[in-house]
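Coordinate inspection notes
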Amino acid sequence: MNILLLSLSVFLISTISTANVIKRNVDSDFCEGDFRCGDTGQCVLYAWRCDGEGDCFGDEDEQDCQNSVCPSDHFRCENSGHCLPIESICNEGVKCEGNETTDFDCSKRECDSASFKCESGRCVHHSVLCDQNDDCEKGEDESREVCTRICDEYDGYLCNNSKKCIDKSTRCNGFNDCPEGDDEQQC
Ligand SMILES: [Ca+2]
Ligand SMILES: [Ca+2]
Ligand SMILES: [Ca+2]
C-alpha cells in the first residue's frame, strides 16, 4: 500500500513538473505555439527565436539563447539556439547559419496523415500525387508504385507505361482510353 502511494505521488509530481516546464518554455496556450515575448503580451514565430535579430519589442527573443527551448516541430541549432522549423529544413533546405551543421535527419521525419514523404524527407500533400508534376526531388510522387496505389484507391485502371488512371467502366468499352490502348486488350 505504501509503495503504491509512493509511486503514485512520484508519478503525479513528475507529471506536474513536466507540464510546468513545457508550459513555461513553450507557452502554447498563450501564444498558440509561437514564442512569448516576456510579459508584454507579444508573440513572435519560434523561427525568429535566436536568429540574431530582435523581433520582440524588448528583444526577448534574442535573450538567454544558450538555454533556448524549441517546440517539437522545430530543430534547435546547438550553438546559436536558433529554432528552425523542421518543415523549412526538409522542404526548403534551410540550415543553421555559420559553420554549424544542421544535424537533423529528414529521412526519419514523420509526415502527417494527409501527406506523402519523399525520399528527401519532404512532405507533399496527397493531392499532388500522380498529378504529372514532380513534387519530390526524385519524382517519387509520380512513381508507378505510388500511382498504382492511388489508382487502386479510386478503384480505377492504371494504363500500361503511363500514369494515367482511368475509370474502370471505360475498360473494354470499344474506345482507347489509355495512350497505348491497353484498356481494350484482353477483354
Ligand atoms: Ca529574432
Ligand atoms: Ca506530383
Ligand atoms: Ca476503353
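The shown structure was predicted, so the numbers you read here are calculated from the model rather than taken from an experiment. (Residues numbered from 1 in each chain as written. Chains lettered and ligands numbered in written order. Predicted model: local features only at pLDDT ≥ 70, side-chain atom pairs only at ≥ 80, totals over all residues.)

**A few points about the overall build of the protein**
Test applied: Note on conventions: DSSP H or I runs of at least 4 residues are helices, E runs of at least 2 residues are strands, and numbering of each starts at the N terminus. Here exposure depends only on C-beta density: within 10 Å of a residue's C-beta, 20 or more other C-beta atoms make it buried, 12 or fewer make it exposed, and intermediate numbers make it partly exposed, the C-beta atoms being placed from the backbone. Contact between two residues is assigned when their C-beta atoms, built from the backbone, lie within 7 Å.
Along the protein, the regular secondary structure elements total four helices and eight strands. Element order for the protein, N to C, with α for helix and β for strand: α-α-β-β-β-β-α-β-β-α-β-β. Every one of the 187 residues in the protein was classed for burial, and the buried ones make up 19%. Taking contacts inside the protein between residues at least 6 apart in sequence as the whole, the part at least 24 apart equals 16%.

**Considering the environment of Leu45**
Examined against the element boundaries, Leu45 turns out to sit in the loop between β2 (42-44) and β3 (74-76). Distance from Leu45 to Cys83, taken between C-alpha atoms, is 9.4 Å for residues 38 residues apart in sequence.

**Focus on the nonpolar core**
Where we set the bar: Note on terminology: a nonpolar core is a set of buried residues of type Ala, Val, Leu, Ile, Met, Phe, Trp, Tyr or Cys, with members joined through C-beta atoms within 7 Å.
One finds Phe35, Cys37, Tyr46, Cys50, Cys70, Phe75, Cys77, Cys83, Leu84, Ile86, Ile89 and Cys90 forming the largest nonpolar core, which totals twelve residues. Going through the elements one at a time, β1 (35-37), β4 (83-85) and α3 (86-92) are the ones with two or more residues in this core. The element contributing the most residues to this core is α3, with three residues. Excluding residues that lie within four positions of it along the chain, Cys83 makes contacts with Tyr46, Ala47, Arg49, Cys50, Ser68, Cys70, His74 and Arg76. Of all hydrophobic cores here, the second largest spans nine residues; its members include Cys130, Leu158, Cys159 and Cys165.

**Description of unusual backbone geometry**
Positive phi is not limited to glycine here, since Cys130 has a value of about 55°. Taking the C-beta count within 10 Å as the criterion, Cys130 has 21 such neighbours and is therefore assigned buried. Even without a glycine there, the phi angle at Gln132 is positive, about 75°. Following the sequence through the fold, Gln132 ends up in the loop between β6 (123-125) and α4 (144-153). Residue classification places Gln132 among the exposed residues on the basis of 9 C-beta atoms within 10 Å.

**Overview of the confidence of the model for the protein**
Low pLDDT means the predicted coordinates in that region are not meant to be read closely. The line we're drawing: Note: pLDDT gives the predictor's confidence per residue, expressed from 0 to 100.
Of all residues in the protein, 84% have pLDDT values of 70 or greater, and the mean over the chain is 84. Across residues 1-28, where pLDDT falls below 50, the model places five contacts with residues more than four positions away in sequence or in other chains.

**Remarks on the environment of Arg122**
Within the secondary structure, Arg122 sits in the loop between β5 (115-117) and β6. The class for Arg122 is buried, based on 23 C-beta atoms found within 10 Å. When the C-alpha positions of Arg122 and Glu110 are compared, they lie 9.7 Å apart, and in sequence the two are twelve residues distant.

**Re the environment of Lys163**
One can find Lys163 in the loop between β7 (156-158) and β8 (165-167). With 18 C-beta atoms packed within 10 Å, Lys163 lands in the partly exposed category. For the pair formed by Lys163 and Ser143, sequence separation is 20 residues and the distance between their alpha carbons is 8.0 Å. When sequence neighbours within four positions are dropped, the list of residues in contact with Lys163 reads Cys130, Gln132, Glu142 and Cys147.

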